[in-house]
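A look at the structure
Spelled out, the chains give:
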Amino acid sequence: MWQEPFSVQVSASLQQAVGGHPLVAQILARRGMATPQAAMAFLYPAHYAPAPPSELPDLSIAAQQLMQAIRQGQRIGVWGDFDVDGQTATSTLVSALQDLSADVVYYIPHRLTESHGIRLAALGRFIAQGVQVLLTCDTGIAEHESIAHAREQGVTVLVTDHHDLPPTLPSAEALVNPKRLLPGHPLRDLPGVGVAYKLVQELYRLAGNEQAAHGYLDLAALGIVADVAEQKADTRYLLQLGLDRLRQSKRIGLQAMFEAASLDPTRLSTEHIGFSLGPRLNALGRLGDANQAVELLTTRDWSRARILAAQLEGLNAQRKLLSEQVYAAAQDQIARDPSLLDSSALVLAHPHWHGGVVGPVAGRLTEHYARPAVLIVLGQDGIGRGSARSVQGCDIHAALKRADQHLLGYGGHPGAAGLSIHAEYVPAFRRALSKAVDTVWDRALAPGGALIDAYVALGDLELNLATELERLAPFGQGNPPIRLATRNLSVAGQRTFGRNGEHREVTVQDEQGVTRKLVWWRGAEQPAPTDKFDLAYTIKSTDYQGRAALTIEWDEARPIQLAAIEAAPARPKWQVLDWRQETGLLARVAAVAAEGDAQVWIEGMAQSGLQG
């Protein structure tokens, strides 16, 4: 089932302010932008007033410390993380510091050997390079031991992070984290690269060249989308500006990626980042060395950029293959033991899975089974290392905290987390996590199927409508793609396509004979409707062989429920009427007898002459 669109009142001033198709104004109003001011700020960055960077706790302190380190010639070491958010945050800080004439080095841990965070052994080697100021990005807020160790070595520690706060904060010269702000603050949902960008803004302001920060908006857009950040307030503002910058980026590494992936940068959208650029960079972090991603995004050498971009292509192909293998193996586990689906959380483990892809596969299982999923790789040392993904309304980090008696360690966000565990504790952890999920999962927040923005006629699905609705882009977390629906359709034709025939193209037809073709991704895994149905879908404009075209993507079909016909209750064959206390009995009895099939019993009165 899906959620029906609720009625809204669209004011004349809102309709006039946004112009275009009236459906645009209706959807804006449904999504909370009911006034002209709110709608214009949502649609156009020029109408939005961003919060100053200084509102982030300790950001001004961090910027002043960095400027002092630059003036004194101190070596600054940037410690990042291996996902795209960490890669882009590291690249942003390294590039800006280099541009400001800083002595800067950087390091990103290796996923498979070090995992997230700051390991003491690697930190020791990093400090040995002469690092005097340790600047973290997308990590550090829970690294008490490592931060204390660095400060004992005389190193100034500046933390920039966005992950959930631990019960107690580490002691450092600066802790820049938007989670320290009150809920509802426009900066609170910034990802790691957003925090890094705000710090860079302040650095350039102190240097008297505030406009130079705009050159890093392309990296901000990459990280925001790849980290599935909540696209609202300042985060959406940065993404809007960043997409424009990304479409005309002068960054050599990005140009090499566009070339290798056969992408037209002028038509880039969040979808291209989420399904093309992001996975390529993530493949490097999952299967290779994410430090090369920073090199790619900061290099000024075309030859080196092309070599690194080609390596990304190879790793991305390997990532796809490994992901399909792990997904198939996970489904096989479930098929062999269906009781695994009796739990509120799906927990699977295997010794031969590749740790670099279990996170995305867990996300795919989460979507398929509509529940949190955890995939664990069981190592030869008896330690399992896993990734968790969750659904809307269920804070998986909070659930792990309730089940942490079985874990060696864990960390992450409400939507995604990593963990380590002794292999023999996996069954007990599965039970404990399921109970914890039942406790923290607010199912009222979980979507009840597709949220429909509007019903439209099949014949209205044209390219110009898609163009109008795309004014509400960029789409993503916090601003989902617009879902439309049409009633009373039937399948007029279909075919499968894709390398393994996993997708389906379906031609649907309405009662007037109007037809449209839809793409149903992975639709071959499910049967197409055979009877009449209502259909939810998304539409978008695409560039096919250099020409703009309309693409309609299948979302969810709903069988038409025939109205139930209520039969009148059958009259009982016999009905007993007790009239012993009634008056006018002769007239009543005569009327009943006249209807035919009746029997009358009379006592204590003269013969009435009635015949039974």
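On to the sheet that holds strand β7 (residues 373-378). Strand pairs in the sheet, formed through backbone hydrogen bonds, run parallel or antiparallel to each other. Taken together, 5 strands build an open sheet; the order of strands is β6-β7-β8-β10-β9 and the sheet is mixed. This sheet does not close on itself; its edge strands, each paired only once, are β6 (346-350) and β9 (409-412). The average undirected angle you get between the axes of adjacent strands in this sheet is 15°. The pairing of β9 with strand β10 (residues 416-422) spans 4 bridges and is antiparallel. Along β10, the bridge assignment pairs Gly409 with Ser420.

Contact geometry of helix α10 (residues 217-226) with helix α11 (residues 233-247) gives a least axis separation of 7 Å together with a crossing angle of 120°. Comparing the axis directions of α10 and α11 gives the class oblique. Relative to α11, the crossing made by α10 is left-handed. Residues Leu217, Asp218, Ala221, Leu222, Ile224 and Val225 of α10 form the contact with α11, whose own contacting residues are Thr235, Leu238, Leu239, Leu241, Gly242, Leu243, Arg245 and Leu246. Each residue belonging to the contact of α10 with α11 can be placed in one class, and the counts come to 10 nonpolar, 2 polar and 2 charged.

Read from one edge of the open sheet, 5 strands run β2-β1-β3-β4-β5, paired in parallel fashion. Of all the strands in the sheet, just β2 (103-107) and β5 (174-176) have a single pairing partner and so form its edges. Taken pair by pair, the neighbouring strands of this sheet meet at an average axis angle of 15°, ignoring direction. Pairing between strand β4 (residues 156-160) and β5: 3 bridges, direction parallel. Bridging from a neighbouring strand, Val159 pairs with Leu175 of β5. Across the sheet, helix α5 (residues 84-99) is in contact with β1 (75-79), β2, β3 (133-137) and β4; its angle to β3 comes to roughly 140°. Across the sheet, helix α7 (residues 120-127) touches β1, β2 and β3, and the angle it forms with β1 is around 155°.

The residue Phe497 is located in strand β12 (residues 484-497) in this model. On the accessibility criterion, Phe497 (22% relative accessible area) is partly exposed. Separated by 300 residues in sequence, Phe497 and Tyr197 place their C-alpha atoms 42 Å apart. Each residue touching Phe497, except ones within four places of it in the same chain, is listed here: Glu502, His503, Arg504, Glu505, Val519 and Trp521.

Successive side chains on a regular strand alternate, one facing one side of the sheet and the next facing the other. In the sheet, β12 pairs with strand β15 (residues 533-544) via 4 bridges, with the strands oriented antiparallel. Across the sheet, Leu489 pairs through a bridge with Phe533, a residue of β15. Looking at chain direction, β15 and strand β16 (residues 547-559) are connected through 12 bridges and run antiparallel. From the neighbouring strand, Leu535 faces β16, where its bridge partner is Ala557.

The next thing to look at is the nonpolar core. By size, the foremost hydrophobic cluster in this structure holds 93 residues, and its most contacted members are Ile76, Leu97, Leu135, Leu199, Leu348, Leu365 and Leu375. Among the elements that take part in this core, helix α15 (residues 302-336) stands out by supplying 10 residues, more than any other. Of all hydrophobic cores here, the second largest spans 35 residues; its members include Leu14, Val508, Leu518 and Tyr537.

Relative to the helices and strands, Ser95 resides in helix α5. Setting aside its immediate chain neighbours within four residues, Ser95 contacts Tyr216, Arg251 and Thr298.

Counted by the stated rule, this structure contains 24 salt bridges. A salt bridge links Arg75 to Asp103; its shortest N-O distance comes to 3.2 Å. Here the residue Arg75 occupies a position in strand β1, and Asp103 occupies one in strand β2, the gap between them amounting to 28 residues. Given a relative accessible area of 23%, Arg75 falls into the partly exposed group. Classification of Asp103 by relative accessible area gives partly exposed; the value is 31%.

With respect to the helices and strands, Ser387 occurs in strand β8 (residues 383-389). Since its relative accessible area comes to 11%, Ser387 is described here as buried. The contact partners of Ser387, leaving out residues within four places of it in the chain, are Val358, Gly359, Ala362, Ala373, Val374, Leu375, Ala417 and Gly418.

Here is what the cut-offs are and how they apply
- Residues numbered from 1 in each chain as written.
- Predicted model: local features only at pLDDT ≥ 70, side-chain atom pairs only at ≥ 80, totals over all residues.
- Heavy atoms only, no water.
- Pairing = 2+ DSSP bridges.
- Helix = DSSP H or I, 4+ residues; strand = E, 2+ residues; numbered from the N terminus.
- Axes fitted to C-alpha atoms, helices over the stretch in contact; angles between N-to-C directions.
- Parallel < 35°, antiparallel > 145°, perpendicular 65-115°, else oblique.
- Left-handed = near helix turned anticlockwise from the far one by under 90°.
- Contact = heavy atoms within 4.5 Å.
- Nonpolar A, V, L, I, M, F, W, Y, C, P; charged D, E, K, R; others polar.
- Buried < 20%, exposed > 50% of the residue type's maximum accessible area, 1.4 Å probe, protein only.
- Core = buried A, V, L, I, M, F, W, Y, C linked by side-chain atoms within 4.5 Å.
- Salt bridge = Lys/Arg side-chain N within 4 Å of Asp/Glu carboxyl O.

Functional significance is not addressed by these values, which are geometric in nature.
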